[in-house]
Amino acid sequence: NNNGWLEVRFTRPRRVQHVRLTTTTNAPWHDFGTNQYRLEIYADGQLARTIEGAFESGTTPQTVSHDVGLD
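About the criteria used
- Residues numbered from 1 in each chain as written.
- Predicted model: local features only at pLDDT ≥ 70, side-chain atom pairs only at ≥ 80, totals over all residues.
- Heavy atoms only, no water.
- Phe/Tyr/Trp six-rings, centres within 6.5 Å; stacked < 30°, edge-to-face > 60°.
- Helix = DSSP H or I, 4+ residues; strand = E, 2+ residues; numbered from the N terminus.
- Buried < 20%, exposed > 50% of the residue type's maximum accessible area, 1.4 Å probe, protein only.

For any pair of aromatic rings, geometry is given as the distance between the ring centres together with the angle between the planes. Counting across every chain of the model gives one aromatic pair. Seen in terms of ring centroids, Y37 and F55 are 5.3 Å apart; in terms of plane orientation they differ by 50°. Their pairing is tilted. Linking Y37 in strand 2 (residues 36-43) with F55 in the loop between strand 3 (46-54) and strand 4 (62-70), this pair joins segments that are 18 residues apart in sequence. A relative accessible area of 12% places Y37 in the buried class. The class of F55 is buried, set by a relative accessible area of 9%.

What follows covers unusual backbone geometry. Negative phi values dominate among residues other than glycine, just as trans dominates among peptide bonds. Even without a glycine there, the phi angle at D44 is positive, about 55°. Turning to its location among the elements, D44 is positioned in the loop between strand 2 and strand 3. Overall, the relative accessible area of 80% leaves D44 in the exposed class.

As C-alpha cells, this is what we get:
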C-alpha cells in the first residue's frame, strides 16, 4: 500500500466548479492504481470540504467527477 498526495494551488483566487479524477492500471500486470481517495478542498486557507471516494476494481481506466462550487 503506497500513500501519496497531489497538491494543487492557484496563484490567484479561482472558483472550482468540479474536480475530475482518473485512474488506470499498468498493463499487463494491473498491479498499480488508485483505490480509495480523499479530496480536501481549502478556501481562504481553511478546510472547506472533504470528499471521500473509491474507484471500482478493474483493469480499465475510470473517471469520477465531484461537484465543488467553491471559490
